[in-house]
Amino acid sequence: MKGRSVIRIAITVLVLFVMASLGYALSNVRKGYAPRQPIAFSHKRMAGAPVMQVNEKGENVNVGGFGIPCLYCHTMPYKGRHSTLPSTAVCMNCHSTVGLNKEWVLKMKEYWDRGEPIPWVKVHDLPDFVYFDHSAHLNAKNEKGESKLPLVDEEGKPMVACQNCHGKVAEMEIVSVQKPFNMQWCLDCHRKPEMKASTDCVACHR
Ligand code: HEC
Ligand code: HEC
Ligand code: HEC
Ligand code: HEC
Ligand code: HEC
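Each chain has its residues counted from 1, following the order in which its sequence is written. Whichever chain is written first is A, and whichever ligand is written first is 1; the rest continue in order. For this predicted model, a pLDDT threshold of at least 70 governs which residues receive local features, and a threshold of 80 or more governs which side-chain atom pairs are given and counted, while totals over whole chains, interfaces and linings are taken from all residues. Water and hydrogen atoms play no part in the side-chain values, which are based on all heavy atoms of the structure.

Asks: For this particular structure, what's the right way to read the packing of aromatic side chains?
Replies: Two aromatic rings, drawn from Phe, Tyr or Trp (for Trp, its six-membered ring), form a pair once their centres lie within 6.5 Å of each other, and the interplanar angle then sorts them: stacked below 30 degrees, edge-to-face above 60, tilted otherwise. Tallied over the entire structure, the rule returns 2 aromatic pairs. For the ring pair Phe 41 and Trp 120, a centre distance of 6.1 Å and an interplane angle of 70 degrees mean the geometry is edge-to-face. Of this pair, Phe 41 sits in the loop between helix 1 (3-26) and helix 2 (43-47) while Trp 120 sits in the loop between helix 5 (103-114) and helix 6 (134-138); the two residues are 79 residues apart in sequence, bridging distant segments of the chain. Above the plane of the ring of Trp 104 lies Lys 107, whose end atom (NZ or CZ) is 5.0 Å from the centre. Lysine and arginine charges are scored as sitting over a ring when NZ or CZ, respectively, is within 6 Å of the ring centre and within 35 degrees of the ring normal. Just above the ring of Tyr 111 sits the side chain of Arg 114; from NZ or CZ to the centre is 5.2 Å. Secondary structure elements follow DSSP: runs of H or I of four or more residues count as helices, runs of E of two or more count as strands, with numbering from the N terminus.

Here it is, written out as structure tokens:
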């Protein structure tokens, strides 16, 4: 390759890089992100509310969700920084006997039989220089001993604390990012008088 074309390529790459970084910094890149997962796992089906229907044989069947509580699978958030994804063993508590005629349940069992974890794709992922702690949020109480994070939605219906940040996961077929998950979003909530949460740089950048 001639020296000039190398320089031209280098400049093009640099310009593209600067444009991409700018675009990233200015846009709401995270909101709406909904990666495909290796197993078609549906929160709506697993954690959603049941919907009973009578089928053609006259049997009463649940075509909605099984209402499994979030913490059955995401055990950590009240104790530690990170919420955890369930190991396949948790799924197998039920699926060693349930749903064995379903394509994706069989796929899951293949991972299990091979002794491999399911390679779930991370949906929410902050940069490493940000410190976030689930338990600090979920355990935060006001003077009356009530949860600082609202436990009812805008319509006054009860909800899990998770919904404040993750939206209505129990209604999702595929998990997507519902809020901006950028610094402004964190600060907007921390600044609310009833939250009394820190806005010091070192709280989140330590
Ligand atoms: C039966 C187990 C199970 C239950 C119950 C469950 N989840 Fe999940 N959850 C998973 C699995 C598996 C994944 C990874 C695959 C995916 O993203 O869909 C996940 C992913 C997530 C993610 C995205 C994680 C990331 O990578 O950023 C959030 C947020 C989440 N769940 C919240 C909830 C909430 C809130 C509830 C209760 C309403 C709940 N989950 C109930 C199994 C469960
Ligand atoms: C508490 C029991 C229970 C647990 C735990 C559980 N499931 Fe399920 N799951 C069910 C039931 C019940 C069904 C419905 C089976 C049917 O319709 O025959 C189901 C259905 C499914 C289906 C098929 C959906 C469809 O209709 O095609 C998939 C995929 C699935 N589960 C994945 C998972 C994964 C992955 C985990 C672990 C993260 C998990 N499940 C944990 C009870 C459970
Ligand atoms: C105050 C906002 C907030 C609340 C409330 C919240 N989360 Fe999160 N969640 C986050 C953030 C921010 C991340 C990304 C963390 C990272 O990338 O370091 C995250 C990530 C996750 C993940 C991916 C694994 C991880 O820890 O990185 C799961 C699973 C999850 N949350 C589940 C839950 C569940 C279940 C609840 C309710 C019990 C909940 N979250 C409540 C903000 C919240
Ligand atoms: C819905 C409101 C809300 C959102 C959104 C939110 N926070 Fe918080 N945060 C709180 C509350 C409430 C507390 C606890 C304040 C107290 O009682 O001390 C807190 C506390 C914290 C703490 C202090 C933990 C400690 O060890 O002292 C950190 C760090 C933190 N949040 C980081 C974040 C980051 C990073 C984000 C955005 C990714 C975020 N928060 C989004 C409400 C929120
Ligand atoms: C409540 C939590 C929180 C507090 C307090 C906070 N930040 Fe951040 N900061 C974040 C998050 C989350 C990001 C990641 C934003 C992203 O990747 O979109 C971030 C990103 C940054 C960045 C990278 C550039 C950018 O905008 O993405 C800088 C620089 C920064 N913060 C400086 C500060 C300074 C200076 C302070 C104090 C005045 C501060 N932060 C206070 C949560 C916080």
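There's plenty left to go through after this.
Asks: Whenever I open this one, the environment of Ser 96 confuses me. Can you help?
Replies: Along the chain, Ser 96 turns up in the loop between helix 4 (88-95) and helix 5. C-alpha of Ser 96 to C-alpha of Lys 109: the two residues are 13 residues apart in sequence and 8.1 Å apart in space.

Asks: Sorry if this is basic, but what is going on with the coordination of the iron atom of ligand 4 here?
Replies: Around a metal, the ideal angle is 109.5 degrees if four donors adopt a tetrahedral arrangement and 90 or 180 degrees if six donors adopt an octahedral arrangement. Protein-derived coordination of the iron atom of ligand 4 comes from His 137 (NE2) and His 190 (NE2), at a distance range of 2.0 Å. As a rule, N, O and S atoms within 2.8 Å of a metal are its donors, except that Na, K and Ca use 3.2 Å; water is not among the atoms, so sites may look incomplete. Under the classification used here, a metal with four donors is tetrahedral if each angle lies between 85 and 135 degrees, square planar if opposite donors are over 155 degrees apart and the others between 65 and 115, a six-donor metal meeting that same test is octahedral, and anything else is irregular. For the iron atom of ligand 4, the 6 donor atoms in the first shell make angles of 88 to 180 degrees at the metal, a pattern classed as octahedral. In this pair, His 137 is assigned in helix 6 and His 190 in helix 8 (residues 183-190), connecting sequence segments 53 residues apart. Each residue's exposure class comes from its accessible area (1.4 Å probe, protein chains only) as a fraction of the maximum for that residue type: buried when under 20%, exposed when over 50%, partly exposed otherwise. Take His 190: its relative accessible area is 17%, and that puts it in the buried class.

On their own, these measurements won't tell you what the molecule is for.
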